[in-house]
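One letter stands for each residue in the lines below.
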Amino acid sequence: MSTHTVRARGLVRGTVEGPALVCAKAFSFLGDVDMDTGEIIAHGHEHRGESIAGKVMVYPETKGSSGGCVVLTTLAKRGRQPAAIILEKPADTNMVEGAILAGVAMVCQPEHSLIDVVPNGATVAVDGTAGTIAWQG
Amino acid sequence: MHLTVEEQAMLDGRHGEVIARALDYLVQLGEAFEAEQLVDLSYAHYPAEMSIYHGSCEDVIAYAETGAKVRIPTTSSTLACDLERWSEYGCPQPIHDLQTKAVDAHRKMGILGTYTCTPQLLGFVPPKGANIISVESSAIIYFNSVLGARTNRGGLFTRYAAVTGKYPLTGYLITANRRGTHLFTLDLEPDDLAHDSDYSALGFHIGAIVGSEVPVLDGLPMPTQDNLVALGAALATSGSVTLFHAPPHTAEANSVAEAFQEAAPKEAHRVRRGDLRGAYEKITNISEGEAIDFVTLGCPHYTLGQLRSVADWLREDDAKVHENVRFWICTNRMTKRAADFDGITAAIEAAGGFVICDTCPVECHMRQSTCKEFGLPVPQVKAMVTDSFKMARYVGDLIGCRTAVRPREACLRAAVTGKLVQRKTAKSRATPSGGV
């Protein structure tokens, strides 16, 4: 076991730690997740039935409606928001607005892809201000 | 990020906690996108919190309780019901009652009750170069492109921009980001762009190619205001286009070279008659001659001229809307007041149409998900005819019906006959455009 550290672009402040939820495909907050529970409901999603609450989500990019930021803030009102979001591609303003309001730390564009690197479920630490990602493995 | 003395004072809480928090959010947004400073805004078009979204009205009601007030002229976008005539078209009372409380909150905050997707048609015409913030994709693209004002795609932070009058200098507020990226050369005959819906088809075709970048349309014949509203709404539907240039008709470019800020286009495309026909065919999944039960005009909200052209068409033949057809024409209240005064509303409604304000079919209780959430019976709509690609794109998913896009005159014939009729016949009588 050693600590792996990767630099990324810090987007939304916050220093958090949580189990990784690694998704290989673009994620849509509108439609892919239940607004009340945080459970992934998209048919064919690799983590269908799992919850995003408290997780460090790793996915390539956000897709879908601009209503996505409303979903994120609604989840936060119920305490079902993810701990952090790691986007592999650049972020759009809509999700950043949602993450700021929901208090979800967010980074993007890590120096290399993490999707095949971070094991799903591994404990990942994210610093949204410094733009760092660290995990044991 | 560099803050002025005034901004730092806001952030430090010298204007109260609400303003400090709002400015903090905007600074965080700016930092995420590496903005160097905030800029002063002159206008905001605000997302009218809708009672069909869980928690949305409750949220603004609570925010208004803090005493927060907008600092710049702020108009409001569409709601989930017609505030005055909600009971006349089957709007469930809980949707109306909750919506009314949000309207009270908006008034308390100083937000103007325009409740329309087209504030630019109500006299909110920011000058070229003005920094503003707007929600509603069809208004955003019109402000940026036709008027040359500068706005990003506003979201939840429009509230914080409106109460502080500030926004980070990012995105489309920066001249270099307003450069054209894709060239579209129009190989079209005047006939191909005869109706507002043809401009809607053009926008829908181009938006699907260009995605979120900046198209430049070369060879657009002199358009009307209505044509440009239709074009922009469709560009922002199939793509997430925020700005387009159509030299010399749009604000920032008299020539194609100017639109590209002298750089080379990333991609060049030609647009031909077949592309527009293809757009109509692709979006339509009702067959010719098939029965229809809903006709919607007014996406984006119709102007007084467009309303008059509908009234004139109906009056001329003493036409009556078919008994199986629900026929809505959506507009804003200021325009409806003028239409009432001119006898236009009376003419449309005597024929069986309904002039509806503040909302539209996909924003109101006609949405399937809304009905389910409120435990209401889902309105049965099987097939809708509209003159707008934007409306057609959203009704399939949100209302759950099939759709066809046709020019206004063909929509009117569908309303009267209860059937989807031929796209064009020798006998068809065009409606006057109504636009300026």
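Residues numbered from 1 in each chain as written. Chains lettered and ligands numbered in written order. Predicted model: local features only at pLDDT ≥ 70, side-chain atom pairs only at ≥ 80, totals over all residues.

1. Considering the overall build of chain B
Within chain B, the secondary structure is distributed over 16 helices and 13 strands. Compactness check: chain B gives a C-alpha radius of gyration of 22 Å against a globular reference of 22 Å for 436 residues, within 12% of the reference. A principal-axis box enclosing the C-alpha atoms of chain B has dimensions of 70 × 55 × 40 Å. For chain B, the share of sequence-separated contacts (at least 6 apart) that also reach a separation of at least 24 residues comes to 77%. (Helix = DSSP H or I, 4+ residues; strand = E, 2+ residues; numbered from the N terminus. Rg over C-alpha atoms; globule rule 2.2 N^0.38 Å. Contact = placed C-beta atoms within 7 Å.)

2. Here we look at the sheet that holds strand E13 (residues 402-405) of chain B
All names here are of chain B. Within the open sheet, the five strands sit side by side as E11-E10-E9-E12-E13. Their pairing is parallel. Only two strands of the sheet have a single neighbouring strand rather than two, namely strand E11 (354-357) and E13. Neighbouring strand axes in the sheet, compared pairwise and without regard to direction, differ in orientation by 25° on average. Alignment of strand E10 (residues 326-331) against E11, held across four bridges, turns out to be parallel. Bridging from a neighbouring strand, Ile329 pairs with Val355 of E11. (Pairing = 2+ DSSP bridges. Axes fitted to C-alpha atoms, helices over the stretch in contact; angles between N-to-C directions.)

3. Some details on the domain arrangement of chain B
Residue and element names in this part refer to chain B. Each domain of chain B was delimited in the assignment, giving domain 1 (5-175), domain 2 (179-282) and domain 3 (284-417). Once you take the C-alpha centre of each, domain 2 and domain 3 turn out to be 26 Å apart. Taken residue by residue, the interface counts 13 residues in domain 2 and 13 residues in domain 3. Secondary structure elements with two or more residues in the side of domain 2 that touches domain 3: helix H7 (196-210), helix H8 (225-238) and helix H10 (273-283). (Domains from an automatic or database assignment.)

4. Examining the interface of chain A and chain B
With 16 residues of chain A at the interface, the matching set in chain B holds 12 residues. At the level of secondary structure, the elements contributing two or more residues to the side of chain A that touches chain B comprise strand E2 (9-12), helix H2 (68-77) and helix H3 (93-102) of chain A. Tallying contributions element by element places H3(A) first for the side of chain A that touches chain B, with six residues. The residue makeup of the side of chain A that touches chain B, split by class, is eight nonpolar, five polar and three charged. (Nonpolar A, V, L, I, M, F, W, Y, C, P; charged D, E, K, R; others polar.)

5. Points about the confidence of the model for chain B
Here chain B averages 94 in pLDDT, while 97% of its residues score no lower than 70. Across the interfaces of the predicted complex, the ipTM metric reaches 0.87, alongside a pTM of 0.92. (pLDDT = per-residue confidence, 0-100.)

6. Section: the pairing of strand E6 (residues 105-108) of chain A
All names here are of chain A. Burial along E6 is two-sided: the face carrying Ala105 and Val107 and the face carrying Met106 and Cys108 are both buried. Pairing geometry for E2 and E6, over three bridges, is antiparallel. The residue bridging Arg9 from the neighbouring strand is Cys108, located in E6. The pairing of strand E5 (residues 84-87) with E6 spans four bridges and is parallel. Following the sheet pairing, Ala84 is matched in E6 by Ala105. Following the backbone out of E5, through H3 and into the adjacent parallel E6, one traces a crossover that is right-handed. (Buried ≥ 20, exposed ≤ 12 C-beta atoms within 10 Å, placed from the backbone. Right-handed = clockwise from strand over helix to strand, strands pointing away.)

7. Comments concerning the packing of helix H3 (residues 56-65) of chain B against helix H4 (residues 93-109) of chain B
Residue and element names in this part refer to chain B. Between H3 and H4, the shortest axis-to-axis distance is 9 Å and the interhelical angle comes to 30°. As far as their axial angle goes, H4 and H3 are roughly parallel. For the crossing formed where H3 meets H4, the hand is left-handed. In contact with Cys57, Val60, Ile61 and Ala64 of H3, H4 contributes Leu98, Gln99, Lys101, Ala102, Ala105, Lys108 and Met109. When grouped by side-chain class, the residues that make up the contact of H3 with H4 number eight nonpolar, one polar and two charged. (Parallel < 35°, antiparallel > 145°, perpendicular 65-115°, else oblique. Left-handed = near helix turned anticlockwise from the far one by under 90°.)

8. Observations concerning the nonpolar core
Counting 175 residues, the largest nonpolar core has Val56(A), Ile86(A), Val96(A), Ala99(A), Met106(A), Leu26(B) and Ile292(B) as the members making the most contacts within it. Considering every element that reaches this core, the biggest residue donor is H8(B), with eight residues. Those residues in contact with Met106(A) that sit more than four places away from it in its chain are Leu11(A), Val12(A), Ala84(A), Ile85(A), Ala91(A), Val96(A), Ala99(A) and Gly128(A). (Core = buried A, V, L, I, M, F, W, Y, C linked by C-beta atoms within 7 Å.)

9. Let's talk about the packing of helix H5 (residues 137-147) of chain B against H8(B)
When two helices pack together, their arrangement is given by the angle between the helix axes and by the axis-to-axis distance. Residues and elements named next belong to chain B. Interhelical geometry of H5 versus H8 gives an angle of 120° and a closest axis separation of 8 Å. Considered as vectors, H5 and H8 are oriented oblique to each other. When you trace H5 past H8, the crossing you get is right-handed. Listed contacts from H8 to Ser137, Ser138, Ile141, Tyr142, Ser145 and Val146 of H5 are Leu228, Val229, Gly232, Ala233, Leu235 and Ala236.

10. Details of the sheet that holds strand E3 (residues 74-76) of chain B
Residues and elements named next belong to chain B. What the three strands build is an open sheet, ordered E3-E2-E4; its pairing is parallel. Strands at the two margins of the open sheet, each flanked by one partner only, are E3 and strand E4 (133-134). Across two bridges, the pairing between strand E2 (residues 44-46) and E4 is parallel. Among the inter-strand pairings, Ala44 is bridged to a residue of E4, identified as Ile133.

11. Quick notes on helix H15 (residues 389-398) of chain B
Residues Phe389(B), Lys390(B), Met391(B), Ala392(B), Arg393(B) and Val395(B) constitute the buried set of H15(B). The first or second residue beyond H15(B) is Gly400(B), which carries a positive phi of 80°.

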